[in-house]
Amino acid sequence: MKNSFVFILSNHDCFSITGAQRVNINDSSQLRYTFWHPRVGGGRKQMYKTPQYFAAEALDLLYLSLAVFYVDKKVNRKVQDDAWTRNLEVYLPVKEYQKWESCKQIITDALNYLTGDHWSLHFRERTDLTEDEYRYRKGRYTYRNSVKWIDTDSFCMLSGGLDSFIGAINLLCEDKSPVFVGNYNGGKGVKNYQDAVVKSLVARYKVSEDHFFRFYAAPVSCLEDSTRSRSLMFFAHAIAVASGMGHHVDLFIPENGVISLNIPLTVMRLGSLSTRTTHPYFMGLLQKIITQLGIDVTLKNPFQFQTKGEMMIRCLDKIFLNDNFNKTMSCSHPDQGRWTGDKRPCHCGTCLPCTIRRAAIKAAGLTDNSNYRDPNYLKPEARKNLISYRQGLLENKYPLSAIQMSGPIYDDFKLYTELYEHGIQEMKDFIDTI
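What you see is a predicted model, and the numbers here were worked out from it, not measured in a lab.

1. Topic: the overall build of the protein chain
Point 1. The helix and strand inventory of the protein chain stands at 15 helices and 11 strands.
Point 2. For 434 residues, the compact-globule estimate of 2.2 N^0.38 gives 22 Å, and the C-alpha radius of gyration of the protein chain, at 21 Å, lies within 12% of that figure.
Point 3. Expressed along its principal axes, the backbone C-alpha trace of the protein chain runs to roughly 60 × 55 × 50 Å.
Point 4. Burial analysis of the protein chain (434 residues in total) assigns 57% to the buried set.
Point 5. Considering only contacts in the protein chain between residues 6 or more positions apart, those separated by 24 or more positions represent 76%.
Point 6. Working note: accessible area of the protein chain is about 18900 Å², and carbon and sulfur atoms make up 50% of it.

Shown next as structure tokens:
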């Protein structure tokens, strides 16, 4: 069964396909996003702070990522023949039609790998500006003398998690002046931690709050829980803003190598339910796309060959990290307690991201004063997780074979093998204490 969607950017677009659902990206009754109207940080004026207009190709990528995320959340996997894989078809207007046509196969390959589905993409040329784009251009002129530009060659994703926190610390310690880009569509629990992280970085390093961009995006009335495409969407937000610098930008995406590779440390970590957004294979495809589109942005993961524990040990400001890492959020579902009446946003303590976090803190020799809902793996689901971790760690795996199970790797085999071995040991040292 194929699920087809026609995306438009205004009600003036009459394009339609028989049997396809029409979705207006700029209709808040269908999709809510704040790229043009940020609700945190510097607000709308902040969007005028880039030296140049956002590149048309980068805005095309933003709209594509929003469309992909909408489809990802609207088509239920459970009703598919295999209860997972979907056939998804997207029609989208773009400004740079020829460029998008030339790299369509790379984009399709990237999406197929990212979500584990079968994607079909159809582009058509767009010539007009959306209402938001028109207001943006008008606002840049209106505030041309009252808004101070931000000019930097470094952008950094800032999720509120421990990895991106360390990435931010290191960049600031290296005297860079990055723009930080994050999202807060993961619930109030995530936003609370992001607020704390931003506040601590501003206080420690005297960073201007104008350097923190945070965006929200979510379809109305979602049907699917998996969010494999969400990170891509927020990379696209960062790429769009970075395109306004008018020169080359390095976009840092800090992620420990174990999570980045999606290494199957346990049998529960296999399959497309796990994230693949920062896997080297996907990152390589995304880099090819933005390069072929002519967007002058280079994606970098400075921690590709480090475990989370090694990241903490090598952090350039260990005292500050030690005092503030408890303000970060690593859990995949921090709001889960609401189902049991506990409204406090906190780590569950037992999912794989939480377990890797706890193992890293132990490896770094730090006292873990984070708040965990179930620190001793006592609840039934936590016990299942713990058993799976122990079984996975007992299995003798050939490192390169294990790594390749989640996606192809073409080089740096020795470094990836060492990363795998260090990640397994870090995890084992922690699990053995439970």
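2. So, the pattern of salt bridges
Point 1. For the structure shown, the criterion picks out 18 salt bridges.
Point 2. Put simply, Asp432 and Lys428 hold a salt bridge, and the shortest N to O gap is 2.9 Å.
Point 3. Judged by relative accessible area, Asp432 falls into the exposed class, the value being 52%.
Point 4. Exposure remark for Lys428: the relative accessible area of 34% places this residue in the partly exposed category.
Point 5. One network of salt bridges, in which partners are shared, links Asp72, Arg77, Arg86 and Asp117.

3. Some words on unusual backbone geometry
Note: most residues except glycine have negative phi, and most peptide bonds are trans.
Point 1. Positive phi values are uncommon outside glycine, yet Ala83 reaches one of about 65°.
Point 2. Structurally, Ala83 can be placed in the loop between helix H1 (56–74) and strand E4 (87–94).

4. Focus: the sheet that holds strand E6 (residues 154–157)
In a beta sheet, neighbouring strands pair by backbone hydrogen bonds and run either parallel or antiparallel.
Point 1. Strand order across the open sheet formed by five strands is E8-E7-E6-E10-E11, with parallel pairing between neighbours. The open sheet has two free edges, formed respectively by strand E8 (212–215) and strand E11 (297–300), since each of these has just one partner strand. Direction aside, neighbouring strands of the sheet carry axes that sit 20° apart on average.
Point 2. In the sheet, E6 pairs with strand E10 (residues 249–252) via three bridges, with the strands oriented parallel. Counted as the bridge partner of Phe155 is Leu251 from E10.
Point 3. Where helix H5 (residues 162–173) meets the sheet, its contacts fall on E6, strand E7 (179–183) and E10, and the angle it forms with E6 comes to roughly 160°.
Point 4. The sheet strands contacting helix H7 (residues 230–243) are E6, E7, E8, E10 and E11, and the helix crosses E6 at an angle near 165°.

5. As for the packing of aromatic side chains
Point 1. In total, this model carries 21 aromatic pairs according to the counting rule given.
Point 2. Their ring planes at 20° and their centres at 5.0 Å tell us that Phe180 and Phe212 sit as a pair that is stacked. Linking Phe180 in strand E7 with Phe212 in strand E8, this pair joins segments that are 32 residues apart in sequence.
Point 3. Ring plane angle 35° and centroid distance 6.3 Å describe the contact between Phe213 and Phe215, whose orientation is recorded as tilted.
Point 4. By relative accessible area, which is 3% here, Phe213 ends up buried.
Point 5. Seen from the ring of Tyr53, Arg137 lies directly overhead, with NZ or CZ sitting 4.3 Å from the centre.
Point 6. Lying across the ring of Tyr141, Arg144 places its NZ or CZ 3.8 Å from the centre.

6. Concerning helix H12 (residues 352–363)
Point 1. Over its 12 residues, H12 extends 16 Å from the first C-alpha to the last, a length consistent with the 16 Å expected when each residue adds 1.5 Å.
Point 2. Across the 12 residues that make up H12, a large majority, nine, are buried.
Point 3. At its buried positions, H12 is contacted by H5, helix H8 (257–261), helix H10 (308–313), helix H13 (380–394) and helix H15 (413–431).

7. Here we look at the environment of Asn183
Point 1. With respect to the helices and strands, the residue Asn183 is situated in strand E7.
Point 2. Judged by relative accessible area, which is 17%, Asn183 ranks as buried.
Point 3. With 61 residues separating them along the chain, Asn183 and Gly244 place their C-alpha atoms 19 Å apart.
Point 4. For Asn183, the contacting residues outside a window of four places in its chain are Gln194, Phe215 and Phe234.

8. Regarding empty space enclosed by the protein
Rolled over the atoms, a probe as big as a water molecule pinpoints where empty space is left.
Point 1. Tallying each qualifying case throughout the model produces four cavities of 30 Å³ or more.
Point 2. By volume, the largest cavity is sized at about 90 Å³.
Point 3. The wall of the largest cavity is formed by Leu61, Leu64, Ser65, Trp100, Ile107, Ala110, Leu111, Leu232, Phe282, Leu286 and Ile289.
Point 4. For the lining of the largest cavity, the secondary structure elements donating two or more residues are H1, helix H3 (104–115) and helix H9 (280–292).

9. Quick notes on the nonpolar core
Point 1. With 74 residues, the main nonpolar core has Phe7, Ile25 and Phe35 as its most contacted residues.
Point 2. Broken down by element, this core gets its largest block of residues, 12 residues, from H1.
Point 3. Beyond its immediate chain neighbours, meaning those up to four positions away, Phe35 contacts Met47, Phe54, Leu59, Leu62, Phe215, His237, Ala240 and Val241.
Point 4. Grouped together as the second largest cluster of nonpolar side chains are 28 residues, Cys156, Phe303, Cys315 and Ile361 included.

What counts and how
- Residues numbered from 1 in each chain as written.
- Predicted model: local features only at pLDDT ≥ 70, side-chain atom pairs only at ≥ 80, totals over all residues.
- Heavy atoms only, no water.
- Helix = DSSP H or I, 4+ residues; strand = E, 2+ residues; numbered from the N terminus.
- Rg over C-alpha atoms; globule rule 2.2 N^0.38 Å.
- Buried < 20%, exposed > 50% of the residue type's maximum accessible area, 1.4 Å probe, protein only.
- Contact = heavy atoms within 4.5 Å.
- Areas by Shrake-Rupley, 256 points an atom, 1.4 Å probe, with all protein chains shown as cover.
- Salt bridge = Lys/Arg side-chain N within 4 Å of Asp/Glu carboxyl O.
- Pairing = 2+ DSSP bridges.
- Axes fitted to C-alpha atoms, helices over the stretch in contact; angles between N-to-C directions.
- Phe/Tyr/Trp six-rings, centres within 6.5 Å; stacked < 30°, edge-to-face > 60°.
- Lys NZ or Arg CZ within 6 Å of the ring centre and 35° of its normal.
- Expected span 1.5 Å × (residues − 1).
- 1 Å grid on protein atoms, 1.4 Å probe; cavity = no way out; pocket = protein on both sides within 12 Å on 5 of 7 lines; lining within 4 Å.
- Points joined across faces, edges and corners; volume = space filled by probe spheres on them.
- Core = buried A, V, L, I, M, F, W, Y, C linked by side-chain atoms within 4.5 Å.

So far we have only geometry, and geometry alone does not tell us how the molecule works.
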